[in-house]
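Structure assessment
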Amino acid sequence: MIDKSRSRPIKFVVSVILFAYLTYFISVEAVGIDLLDAAVTSLVQISDRSFFKVFYTVVAWVASPGKDVLWLLIMAFLLYGFKYKIQAGWAVMYMASTMLLGVFFKHLVARVRPIGHLAQDTGYSYPSGHVLGTAVLVMVIILFVVPDWPSYRWSQVLRWGSIVWLVLVIFSRIYLGAHYPTDTLGALLLAWAWAQVMEWAYVRWAEKCLRYRVFYRSYL
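Residues numbered from 1 in each chain as written. Predicted model: local features only at pLDDT ≥ 70, side-chain atom pairs only at ≥ 80, totals over all residues. Heavy atoms only, no water.

Observations regarding the packing of aromatic side chains
To keep things clear, this is the line we draw: Side-chain rings of Phe, Tyr and Trp (the six-membered ring for Trp) are treated as a pair once their centres are within 6.5 Å; stacked means planes under 30 degrees apart, edge-to-face means over 60, and tilted covers the remaining angles. Secondary structure elements follow DSSP: runs of H or I no shorter than four residues count as helices, runs of E no shorter than two count as strands, and numbering proceeds from the N terminus. For every residue, the accessible area obtained with a 1.4 Å probe (protein chains only) is divided by the maximum for its type, and the residue is called buried under 20%, exposed over 50%, and partly exposed between those limits.
This model, assessed by the stated rule, comprises 14 aromatic pairs. Seen in terms of ring centroids, Phe19 and Phe105 are 4.9 Å apart; in terms of plane orientation they differ by 85 degrees. Their pairing is edge-to-face. On the criterion of sequence distance, the pair formed by Phe19 in helix α1 (residues 8-27) and Phe105 in helix α5 (residues 85-109) is long-range, its members being 86 residues apart. Each member of the pair, Phe19 as well as Phe105, carries the same accessibility label: buried. Among the aromatic residues, ring-to-ring pairing joins Phe51, Phe52, Phe55, Tyr56 and Tyr175 into one connected group.

Okay, structure coming up:
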């Protein structure tokens, strides 16, 4: 389901460079980053209605890192049951490794969260765990669920609905003041860069996994 791609190394290099630059500028507290964060935050928080606070709080609750892992495990269970065993294992590995990378960079950069944020979150701010987990979920859906959905029309609804959900999660983290906008951008870049590595691993090792009983008769 994941094909060889000559552009994958380019995607990886570009995303790693962008993530590295962003991480560096955030770690040295560059003025330009602060200005960008302030400008985007003011646009997202332009409305102070209680409806948006409640709505985005619910979105953030559904998309919390712990629940992202839960949704992924449920999805992997269903993929495994429908004979997409290798894909299920890949999805679990992708989520686990990405979240570990997120924790590593959180402690490496040690960015303090915005002051007075509305969400009841603790820990460091960069990158956003909510966005990181949701990006992994969306990637798994687009790679493994959308292509084999029986109806093309509904597969596109699922694809774009997943992307819209990711955007809502990003907005919720900024609106609630739980993260700076660049925290969410860093999470997207990290998830995308690591996806290129995981896709390469799939192409290289998926067929070889068929020799193991746990992946026996899995679709490729």
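A few points about the nonpolar core
Heads up, the rule is: As used in this record, nonpolar core signifies buried Ala, Val, Leu, Ile, Met, Phe, Trp, Tyr and Cys residues forming a set joined through side-chain atoms within 4.5 Å.
Within the largest apolar cluster, 55 residues are counted, with the highest numbers of intra-cluster contacts made by Met75, Leu79, Trp90, Tyr94, Val140, Phe144 and Tyr202. Broken down by element, this core gets its largest block of residues, 12 residues, from helix α6 (residues 129-145).

What to know about the side chain of Asp68
Cut-off, in case you're wondering: When charges are counted, Lys and Arg contribute as positive and Asp and Glu as negative, whereas His and the chain ends are disregarded. A pairing counts as a salt bridge when a side-chain nitrogen of Lys or Arg comes within 4 Å of a carboxyl oxygen of Asp or Glu. Between two residues, a contact is recorded if the distance between any of their heavy atoms is within 4.5 Å.
Position of Asp68 among the secondary structure elements: in helix α4 (residues 65-81). Of the side chains with opposite charge, Arg173 lies nearest to the buried Asp68, which makes no salt bridge, at 8.9 Å. Aside from chain neighbours lying at most four places away, what touches Asp68 is Val62, Ala63, Met95, Gly129, His130, Gly133, Thr134 and Leu137.

Description of the packing of α6 against helix α7 (residues 152-175)
Inclusion rule: Every axis corresponds to a line fitted to the C-alpha atoms, with the helix fit spanning only the stretch in contact, and the corresponding angles, defined between N-to-C directions, vary from 0 to 180 degrees. Here is the rule for angles: anything less than 35 degrees is roughly parallel, anything more than 145 is roughly antiparallel, 65 through 115 is roughly perpendicular, and the remaining ranges are oblique. In the scheme used here, Gly and all other residues not listed as nonpolar or charged are polar, with Ala, Val, Leu, Ile, Met, Phe, Trp, Tyr, Cys and Pro taken as nonpolar and Asp, Glu, Lys and Arg as charged.
For the pair α6 and α7, interaxial distance at closest approach is 10 Å and the crossing angle is 175 degrees. Put simply, α6 runs roughly antiparallel to α7. For the pair α6 and α7, contact is made by His130, Val131, Thr134, Ala135, Val138, Ile141, Ile142 and Val145 and by Leu158, Arg159, Ser162, Ile163, Trp165, Leu166, Val169, Ile170 and Arg173, respectively. Residues of the contact of α6 with α7, tallied by class, amount to 12 nonpolar, 3 polar and 2 charged.

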